[in-house]
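# Tertiary structure, described
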Amino acid sequence: METESEPYVRLATLRQLHRVVAELNTARSLADTLQTVVDGIVVGLGYELACVNLVRPDGDLVVAAFAGDPAAEALITGRVGSRSSWERRLAMGENWDGLRFIAHTEGWVLMEDDVPQWHTEGPEPRFQDEWHPEDRLYAPMYASGGELLGVISVDRPRNGRRPGAWGREALQMYAFQAAIAISNARLRANMQRALVRLEREQQALRASEESFRQAFEYAPSGMAIAEMGGDQHGRLLRTNDALCRLLGRPASVLRRYSFSDLVHPEDIGTLLRTSAEGGRAELRLGRRDGTYVWVSLRNSVVADAADGPRFLLTHVEDIEERKRHELQLAHRASHDSLTGLPNSAELRARLGARLCRRPQSVRATAVEALDAAFEGREDHAVYGGHEVRVGAGAGGAGEHGFHPDVSEQQPGPGAGPGGDSFAYSGVPAARTDGPYDHHVHTVAPASDVDDGTKGLAVLFCDLDGFKSINDRFGHHTGDAVLIEVARRLTTGVRDGDTVARLGGDEFVVLADGLGAADAADLAVRLRNAIIPPIRVDGRAVRVGASFGIGWASCGMSAEEVLRSADQRMYIEKRSRSKAHRRAG
């Protein structure tokens, strides 16, 4: 059963994974890439030791990079293990969806083979999933064609336990991205060598051109050459087959375009910022069928020694699947798996984003304003039109969007129920509360009598009669009732309102811009929407609902706001007789 803190653990893991994967693409050489791979595991994935065993041209594997222990690094770096010994290891132990785990009880037979290794003796595990010093965990890395690139070895999880399903998935994703980074590093090295030969060896121009053509045409990811400077700046001069397949357009058609003609309108500013040497961006390019695909675009300037820059060499990598997977992970961490509604953690984050520590009537001192102005920040990313948190500081949310230009973000088609205009995932935004603060303070009506004040209403909903349905007809029927109630609540609110599930049979609605009478009317409408019978497997069941209306106000915490609405719900529930409360 998931614990309440698990969404935070998943979001933290996702932020760490995104951070270390991003670092993989910043290394300029193969050696830097390999070291970045092992450093990322130690820094971001929770292991004390990590190494990369890279396949050599002769098929054997060499320890090419190590992180975590200088003594062990000096002992095994550069040592070679035979391919047969590695194949034996990768066929042993347990297969963890692509990972290979060999427990210490089975791995003792490997002590004498020729694979470089480090180990220390230790006591028997005290509990089932405790990590033993002689346990082994490997993450094989494969190229796009299926050939083995190398093997990542990890040891000593910082929590002392064997990784669970979430940790295994994170390591598997990281190994997949590391394989791409290593392949790209090798490709870039080959391309750079070809370009150097093209520039410095004029007498061997034909041979250099052929070498370049082979690397360009048969690269597994898209490649393009574009003009640089002049009226035709950015026009595509040459494209390889991989890019043509990716965009669904023949090379003859692509030569009529520049990247600015193909890029998504929201990403044009990002493209313009990548024209310099080493420029890199993640953006969307248009396909022939009118759809867009996420790509990682990297530019290199091919220069003439006499006349200066001549053209841009652009590497285009398809990252659509990674973007989709990252979005799915973020959604699963912040939404209820049964109803698809925002979960408790996401609700508190959205509510907290509207609140600051100080009521509107209290002025901040100069010291408070300075302290608040320098609170932590948080980065966001826009994936497939969705806004997802990817990093956090101590204080909360900062600039939104994958790129610095906030104006480039647009809400995506995957926004939550009811429009989800509270699209903040994570902790509240940094609350400056000072003279330069642009925060709009949230206020609450002074009483239940509508005085014209509009505020953020928090409707706490508890179902009546739901337990008896669960007891009589089973959890399958209960789950179907919860799903239908979630649908009815979502249908009954405005675009921009938030409907969340706290857990069990409790729901919360956030509705902004309401007066006291508006909130009361909304509660009545939602209760009336829930009461009609719900058909499950040919059987009609009914539940009722009790609503408590609370008001969010600056100076309150999210917990205080929810507690107030919860208390009002129980007052409302007790004010009605059981016969009137129960409908199922």
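Computed from a predicted model, the values in this text were never measured in an experiment. (Residues numbered from 1 in each chain as written. Predicted model: local features only at pLDDT ≥ 70, side-chain atom pairs only at ≥ 80, totals over all residues. Heavy atoms only, no water.)

## Quick word on unusual backbone geometry
The residue Asp-97 is not glycine, and still its phi comes out positive at about 50 degrees. With respect to the helices and strands, the residue Asp-97 is situated in the loop between β4 (94-96) and β5 (99-102). You can call Asp-97 exposed: its relative accessible area is 63%. (Helix = DSSP H or I, 4+ residues; strand = E, 2+ residues; numbered from the N terminus. Buried < 20%, exposed > 50% of the residue type's maximum accessible area, 1.4 Å probe, protein only.)

## Notes on the packing of helix α16 (residues 475-492) against helix α17 (residues 516-530)
For the pair α16 and α17, interaxial distance at closest approach is 9 Å and the crossing angle is 145 degrees. Considering how the two elements wind past one another, α16 and α17 form a crossing that is right-handed. Across from Val-485, Arg-488, Leu-489 and Gly-492 in α16, the residues of α17 making contact are Leu-522, Leu-526, Ala-529 and Ile-530. Class assignment for the residues of the contact of α16 with α17 results in six nonpolar, one polar and one charged. (Axes fitted to C-alpha atoms, helices over the stretch in contact; angles between N-to-C directions. Left-handed = near helix turned anticlockwise from the far one by under 90°. Contact = heavy atoms within 4.5 Å. Nonpolar A, V, L, I, M, F, W, Y, C, P; charged D, E, K, R; others polar.)

## What to know about the packing of aromatic side chains
In this structure the tally under the stated criterion is three aromatic pairs. When the ring of Trp-86 is compared with that of Tyr-138, the centres are 5.3 Å apart and the planes differ by 75 degrees; the resulting orientation is edge-to-face. Taken together, the residues span a long stretch of sequence, with Trp-86 in helix α4 (residues 83-90) and Tyr-138 in strand β6 (residues 136-142) at a distance of 52 residues. Taken individually, Trp-86 and Tyr-138 each receive the classification buried, so the pair is uniform in this respect. Of the aromatic side chains, those joined through ring pairs into one cluster are Trp-96, Phe-101 and Trp-131. Over the face of the ring belonging to Phe-216 we find Arg-238, whose NZ or CZ atom lies 5.3 Å from the ring centre. (Phe/Tyr/Trp six-rings, centres within 6.5 Å; stacked < 30°, edge-to-face > 60°. Lys NZ or Arg CZ within 6 Å of the ring centre and 35° of its normal.)

## Some words on the pattern of salt bridges
For the structure shown, the criterion picks out 29 salt bridges. Residues Glu-169 and Arg-332 are paired through a salt bridge, measuring 3.6 Å at the closest nitrogen-oxygen approach. Taken as a pair, Glu-169 in helix α6 (residues 165-200) and Arg-332 in helix α12 (residues 320-334) lie far apart in primary sequence, 163 residues in all. A relative accessible area of 21% means that Glu-169 is categorised as partly exposed. By relative accessible area, Arg-332 is classed as partly exposed at 44%. A salt bridge links Arg-487 to Glu-484; the shortest N-O distance between them is 2.6 Å. (Salt bridge = Lys/Arg side-chain N within 4 Å of Asp/Glu carboxyl O.)

## Observations concerning the sheet that holds strand β17 (residues 506-514)
Across the sheet, four strands lie side by side as β16-β17-β15-β20; this open sheet has antiparallel pairing. Both outer strands of the open sheet, β16 (498-503) and β20 (544-552), are each paired with one neighbouring strand and no more. Put simply, the sheet's adjacent strands are angled 25 degrees from each other on average, direction ignored. With respect to the sheet, α17 is in contact with β15 (455-464), β17 and β20, its orientation differing from that of β20 by roughly 155 degrees. Where helix α18 (residues 558-575) meets the sheet, its contacts fall on β15, β17 and β20, and the angle it forms with β20 comes to roughly 140 degrees. (Pairing = 2+ DSSP bridges.)

## Brief notes about the environment of Leu-254
Within the element layout of this structure, Leu-254 appears in helix α9 (residues 251-254). Given a relative accessible area of 0%, Leu-254 falls into the buried group. Sequence separation between Leu-254 and Thr-239 is 15 residues; the distance between their C-alpha atoms is 7.6 Å. Setting aside its immediate chain neighbours within four residues, Leu-254 contacts Leu-236, Thr-239, Cys-244, Leu-247, Arg-249 and Leu-262.

## Side note on the pairing of β5
Residues of β5 alternate between two faces, with Leu-99 and Phe-101 on one and Arg-100 and Ile-102 on the opposite face, all of them buried. Pairing geometry for β4 and β5, over three bridges, is antiparallel. The partner of Asn-95 across the bridge, within β5, is Arg-100. Following β4, the chain reverses through two residues before pairing antiparallel with β5; Asp-97 in that reversal takes a positive phi of roughly 50 degrees. Pairing of β5 with β6 involves three bridges; the strand directions are antiparallel. Of the residues in β6, the one forming a bridge with Ile-102 is Arg-136.

## Some words on the nonpolar core
Of all hydrophobic cores here, the largest spans 42 residues; its most connected members are Leu-137, Met-141, Ile-152 and Tyr-174. Among the elements that take part in this core, α6 stands out by supplying ten residues, more than any other. Apart from residues lying up to four places away in sequence, Ile-152 is in contact with Val-37, Ile-41, Cys-51, Val-52, Leu-137, Tyr-138, Ala-139, Met-141, Ala-175 and Ala-178. In terms of nonpolar packing, the next biggest core, distinct from the first, is built from 32 residues, Phe-466, Val-485, Val-499 and Leu-514 among them. (Core = buried A, V, L, I, M, F, W, Y, C linked by side-chain atoms within 4.5 Å.)

## Some thoughts on the packing of helix α15 (residues 466-473) against α16
Between α15 and α16, the least distance of the axes is 7 Å, while the angle of their chain directions is 145 degrees. Residue-level inspection shows Phe-466, Ile-469, Asn-470 and Phe-473 of α15 in contact with α16, the latter providing His-475, Thr-477, Gly-478, Val-481 and Leu-482. Of the residues in the contact of α15 with α16, the class split is five nonpolar, four polar and no charged.

## Section: the pairing of β17
In the sheet, β15 pairs with β17 via seven bridges, with the strands oriented antiparallel. From the neighbouring strand, Asp-462 faces β17, where its bridge partner is Glu-506. Note that β16 and β17 share five bridges and pair antiparallel. Along β17, the bridge assignment pairs Ala-500 with Val-508. In this structure, the hairpin formed by β16 and β17 is closed by a connection of two residues, where Gly-504 is found at a positive phi of approximately 60 degrees.

## Structural notes on the environment of Arg-280
Mapped onto the secondary structure, Arg-280 falls in strand β10 (residues 280-286). On the basis of relative accessibility, which here comes to 31%, the residue Arg-280 falls in the partly exposed class. Sequence separation between Arg-280 and Ser-300 is 20 residues, and the spatial gap between their C-alpha atoms is 9.3 Å. Excluding residues within four positions of it along the chain, Arg-280 makes contact with Asn-25, Thr-274, Ser-296, Leu-297 and Arg-298. Within the structure, the side chain of Arg-280 is placed 3.4 Å from the side chain of Glu-282, a separation counted as a polar contact. (Polar contact = N/O pair within 3.5 Å; in protein donor to acceptor, adjacent residues only side chain to side chain.)

## Section: the side chain of Thr-33
With respect to the secondary-structure elements, Thr-33 resides in helix α2 (residues 30-44). Residue Thr-33 is classed as buried on the basis of its relative accessible area of 0%. What Thr-33 contacts, discounting residues up to four positions off in sequence, is Ala-27, Ala-181, Ile-182, Ala-185 and Arg-188.

Read these as layout, nothing more, since geometry by itself doesn't imply function.
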